[in-house]
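# Observations on the model geometry
Chain by chain, the residues run as shown.
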Amino acid sequence: MKPTLMGSLRNRIFAPDPREATFERRGWQPTDPARQANLEKVGGIFLTGFGYGLTGRGITDMESSLETVDKPFRGFAYEGCAMALAVRDALLPAGRHWVNDFLEGPGKPHVYMAHVGVGWAMARLPSIRWRAIMPDDEVLRWLALDGYGFHQAYFHTSKYVGQQHQARVPLFKPTEYASRVIDQGIGRAMWFVNGSDVRAVADAFGKFAPHRRGDLWSGVGLASVYAGGVEPGDLTLLRKLAGEHAPDGAQGAAFGAKARLLAGLETPHTEAGAQAWCGMSAQDAAAVTEQAVEVLFDTGGQEPGYERWRRRIRQRFE
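Residues numbered from 1 in each chain as written. Predicted model: local features only at pLDDT ≥ 70, side-chain atom pairs only at ≥ 80, totals over all residues. Heavy atoms only, no water.

### As for the overall build of the protein chain
On a plain count of helices and strands, the protein chain comes out with 18 helices and 0 strands. In terms of overall dimensions, the protein chain is globule-like: its C-alpha atoms have a radius of gyration of 18 Å, near the 20 Å expected for 318 residues. Viewed in the frame of its principal axes, the protein chain has a C-alpha envelope of about 55 × 50 × 35 Å. When burial is assessed residue by residue, the protein chain has 59% of its 318 residues classed as buried. Long-range pairs, those at least 24 residues apart, make up 72% of the contacts in the protein chain with a sequence separation of at least 6. Total accessible area computed for the protein chain in this model is approximately 13,300 Å², and 51% of it derives from carbon and sulfur atoms. (Helix = DSSP H or I, 4+ residues; strand = E, 2+ residues; numbered from the N terminus. Rg over C-alpha atoms; globule rule 2.2 N^0.38 Å. Buried < 20%, exposed > 50% of the residue type's maximum accessible area, 1.4 Å probe, protein only. Contact = heavy atoms within 4.5 Å. Areas by Shrake-Rupley, 256 points an atom, 1.4 Å probe, with all protein chains shown as cover.)

### Things to note about the packing of aromatic side chains
Tallying each qualifying case throughout the model produces 21 aromatic pairs. Where Tyr 306 meets Trp 309, the ring centres are 6.4 Å apart and the plane angle is 70 degrees; that geometry is what we call edge-to-face. On the criterion of helical spacing, the pair formed by Tyr 306 and Trp 309 is a turn pair, its members being 3 residues apart in helix α18 (residues 305-316). What makes Tyr 306 buried here is its relative accessible area of 1%. (Phe/Tyr/Trp six-rings, centres within 6.5 Å; stacked < 30°, edge-to-face > 60°.)

### Thoughts on unusual backbone geometry
Following Lys 173, the chain continues to Pro 174 via a peptide bond in cis, the omega torsion being 0 degrees. Position of Pro 174 relative to the elements: it lies in the loop between α10 (157-162) and α11 (175-193). Residues other than glycine seldom take positive phi values, yet Gln 164 does so here, at roughly 55 degrees. Summarising the element assignment, Gln 164 is placed in the loop between α10 and α11. Using a relative accessible area of 23% as the deciding quantity, one classes Gln 164 as partly exposed. Even without a glycine there, the phi angle at Ser 196 is positive, about 60 degrees. Relative to the assigned elements, Ser 196 resides in the loop between α11 and α12 (198-205). With relative accessibility at 1%, the residue Ser 196 sits in the buried group.

### Some words on the layout of surface pockets
What the largest pocket holds in volume is close to 340 Å³. Residue lining of the largest pocket: 20 residues in total, with Gln 29, Thr 157, Val 161, Val 193 and Asn 194 positioned closest to the centre. Classifying every residue of the lining of the largest pocket gives 8 nonpolar, 8 polar and 4 charged. (1 Å grid on protein atoms, 1.4 Å probe; cavity = no way out; pocket = protein on both sides within 12 Å on 5 of 7 lines; lining within 4 Å. Points joined across faces, edges and corners; volume = space filled by probe spheres on them. Nonpolar A, V, L, I, M, F, W, Y, C, P; charged D, E, K, R; others polar.)

### Considering the packing of helix α13 (residues 210-226) against helix α16 (residues 268-278)
With their axes 7 Å apart at the nearest point, α13 and α16 run at an angle of 145 degrees to one another. Facing α13, whose interface residues are Trp 217, Gly 221, Ser 224, Val 225 and Tyr 226, α16 presents His 269, Thr 270, Gly 273, Ala 274 and Trp 277. (Axes fitted to C-alpha atoms, helices over the stretch in contact; angles between N-to-C directions.)

### Description of the pattern of salt bridges
Within the structure shown, the criterion is met by 14 salt bridges. Across the pair Glu 20 and Arg 26 runs a salt bridge, and its minimum N-O distance is 2.8 Å. Under the relative-accessibility criterion, Arg 26 is labelled buried at 16%. (Salt bridge = Lys/Arg side-chain N within 4 Å of Asp/Glu carboxyl O.)

### So, the side chain of Asn 100
Within the secondary structure, Asn 100 is located in helix α6 (residues 98-104). On the basis of relative accessible area, Asn 100 is assigned to the buried category, the value being 15%. With residues near it in sequence (within four places) discarded, Asn 100 still touches Pro 135 and Asp 136.

### Some words on empty space enclosed by the protein
Within the structure shown, the criterion is met by 2 cavities of 30 Å³ or more. In this structure, the largest cavity spans a volume of roughly 310 Å³. Elements with a contribution of two residues or more to the lining of the largest cavity: α3 (33-55), α5 (71-91), α7 (111-124), α9 (143-155), α11, α13 and α15 (246-262). Top contributing element to the lining of the largest cavity by residue count: α9, with 5 residues. Roughly 40 Å³ of volume is contained in the second largest cavity. As for the second largest cavity, its lining consists of Asp 146, Gln 184, Ser 218, Gly 219, Leu 222, Gln 251, Gly 252, Phe 255, Tyr 306 and Arg 310.

### Some remarks on the side chain of Asp 234
Along the chain, the position of Asp 234 falls in helix α14 (residues 232-242). For Asp 234, a relative accessible area of 18% corresponds to the buried category. There is a polar contact of 2.9 Å between the side chain of Asp 234 and the side chain of Arg 35. (Polar contact = N/O pair within 3.5 Å; in protein donor to acceptor, adjacent residues only side chain to side chain.)

Below, the structure is given as structure tokens:
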């Protein structure tokens with residue numbers, strides 16, 4: 001896929017240095033070599049997908065490139081591509097189409113990861129342009145805040161992890177719940193920040209205010225299933241360390257299983273993660289998320305449909 005002149009220019013302006021995805025550049029403690037290699041590869045593949053989105057002439061060209069990525073990592077390439085397309089939408093003087101075209105086409109099976117990718121773009125763009133990049137889905141658009149939280153913890157670890165900073169953002173209402181979704185993204189990033197060391201993850205969560213921990217555990221449950229990289233015994237231990245927040249982790253794990261299966265990207269760690277967190281197969285865990293969708297049609301109260309959906313799933317594992 002040969003980029004256009006504008007594509008090359010966008011790539012020069014917006015594409016991060018690939019070294020940004022390394023533990024050394026991020027300032028994180030080295031971990032088990034195999035785990036570290038897995039996590040660094042995830043970051044590198046994300047940036048590869050970001051490059052496809054920045055330079056691609058059209059959605060079909062991008063899809064052709066994305067489908068060459070190895071299955072265990074392909075979802076991260078789609079996530080990176082969605083971030084790039086959101087950046088392209090933000091650059092349009094009026095109107096938008098790249099993200100929605102992507103979601104209506106090859107990005108549809110990767111709908112969860114694509115919304116998360118939009119959140120990465122939010123973190124790199126002025127808030128005045130957020131409306132220009134936001135997908136139309138009123139429920140899944142909350143996942144953009146998950147992506148925003150992941151980005152902030154990944155690139156500003158000292159502030160968001162070390163100092164436990166709690167972000168507030170405009171556009172999303174209610175603002176208190178928006179902060180909770182950001183925490184879910186921070187929890188997901190902790191799988192990377194702590195090098196998939198389950199004890200280090202649990203210790204890090206213990207430094208956060210108690211009311212934030214459920215959402216953090218939800219995030220790491222998702223990451224441990226989707227990104228994987230550890231033995232089944234580690235996942236069993238992680239669930240044990242979650243204690244009272246194990247159902248939150250199971251909810252995230254079910255989301256991770258659903259995202260993998262929907263895209264046809266299931267791997268052995270998808271199954272192992274679902275068994276460890278949810279006590280059932282990845283297929284059955286994904287089905288729990290589908291069965292809980294009915295709560296989205298309940299319009300009573302002020303609680304967002306996205307949270308009603310998460311709560312129904314979480315209750316299944318209590």
